[in-house]
Amino acid sequence: MKTFLKTASIALMMAAPAAAPAFAEGWSVYDLEDVPGERENCMKHARNTIASYMFDHGGGETAVASWTTYGYDLRPGDQDAVIMCPVVNGNVVDAYLVVHGDTTEDERIFAADEIERIWNSMK
């Protein structure tokens, strides 16, 4: 599932409309918008956001790569999330959130909305 999520999240990110959540069966994609400064600022923000969500709501484990932060088995339900921090448009860091879950749409959207809320509250 983790490899599938990574590959699928990149594909969904490319298809996501700017600044508006996109929903497909089992998926929620959010554009978290530009992040000032270097990629490391975005990655730190992503790690803090996922950690805060897991502290408040529960979850399994996290993982970090060079431009992605993952949260697995997030509650409610069993959601997996990735916050991506790609460098786009010549040195602009843009953040995207992808949440995937096989449980209810309401649980998935709750997790995505709550992660977005935490992200925005930490700006």
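Before reading on, note that the structure itself is shown above.
Quantities reported herein were computed from a predicted structural model and do not represent experimental measurements. (Residues numbered from 1 in each chain as written. Predicted model: local features only at pLDDT ≥ 70, side-chain atom pairs only at ≥ 80, totals over all residues. Heavy atoms only, no water.)

### Details of the overall build of the chain
The line we're drawing: The helix and strand labels rest on DSSP assignments: H or I over at least four residues marks a helix, E over at least two residues marks a strand, and numbering proceeds from the N terminus. Residue burial is assigned from relative accessible area. The probe radius is 1.4 Å, only protein chains are included, and a residue is buried under 20% of its type maximum, exposed over 50%, and partly exposed in between. Each accessible area value is a Shrake-Rupley result obtained with a 1.4 Å probe; residue values ignore everything except the protein chains displayed when judging cover.
If you tally the helices and strands in the chain, you get three helices and seven strands. Ordered by position in the sequence, the α and β elements of the chain form the string α-β-β-α-β-β-β-β-β-α. Sorting the 123 residues of the chain into buried and exposed places 42% on the buried side. A total of about 6,200 Å² of accessible surface is found on the chain, and carbon and sulfur atoms cover 52% of it.

### Considering the state of the cysteines
Among covalent bonds in proteins, the disulfide is the one between the sulfur atoms of two cysteines. Our working definition: Criterion for a disulfide: a pair of cysteine sulfur atoms within 2.5 Å.
Summed over all chains, the structure comprises one disulfide. Each sulfur in the disulfide pair Cys42 and Cys85 lies 2.0 Å from the other. Between Cys42 and Cys85 the sulfur-sulfur dihedral comes to about -75°; the bridge is accordingly left-handed. Remark: Cys85 occurs in the loop between strand E5 (79-84) and strand E6 (87-88) and Cys42 occurs in helix H2 (residues 39-57); sequence separation between them is 43 residues.

### A look at the pairing of strand E3 (residues 61-64)
Applied cut-off: Between any two strands, at least two bridges found by DSSP are needed for them to pair.
Sheet topology places E3 next to strand E4 (residues 68-74); four bridges connect them, and they run antiparallel. Residue pairing for E4: Glu61 is matched across the bridge by Tyr72.

### Focus on unusual backbone geometry
Note that the residue after Arg75, namely Pro76, is joined by a cis bond; omega there is 5°. For Pro76, the location among the structural elements is in the loop between E4 and E5. Residues other than glycine seldom take positive phi values, yet Glu33 does so here, at roughly 75°. Its place among the elements puts Glu33 in strand E2 (residues 27-35). A positive phi is found at Asp73, a non-glycine position, where the angle reads about 60°. Residue placement: Asp73 occurs in strand E4. Taking the relative accessible area as the measure of exposure, Asp73 reaches 31% and is therefore partly exposed.

### Digging into the pairing of strand E7 (residues 92-101)
Regular strands have side chains that alternate between both faces of the sheet. With nine of ten residues buried, E7 lies mostly within the body of the structure. Sheet topology places E2 next to E7; eight bridges connect them, and they run antiparallel. Within E7, the residue paired with Glu33 across the bridge is Ala95. Sheet analysis places E5 next to E7, joined by six bridges and oriented antiparallel. Residue pairing in the sheet places Val82 in a bridge with Val98 of E7.

### Observations concerning the pattern of salt bridges
Quick reminder of the rule: A side-chain nitrogen of Lys or Arg and a carboxyl oxygen of Asp or Glu constitute a salt bridge if their distance falls within 4 Å.
This model, assessed by the stated rule, comprises three salt bridges. A salt bridge links Glu40 to Arg47; its shortest N-O distance comes to 2.7 Å. Accessibility expressed as a relative area gives 45% for Glu40, which makes it partly exposed.

### Looking at the environment of Pro86
One can find Pro86 in the loop between E5 and E6. Since its relative accessible area comes to 9%, Pro86 is described here as buried. Along the primary structure Pro86 and Cys42 are separated by 44 residues, whereas in three dimensions their C-alpha atoms are 9.2 Å apart.

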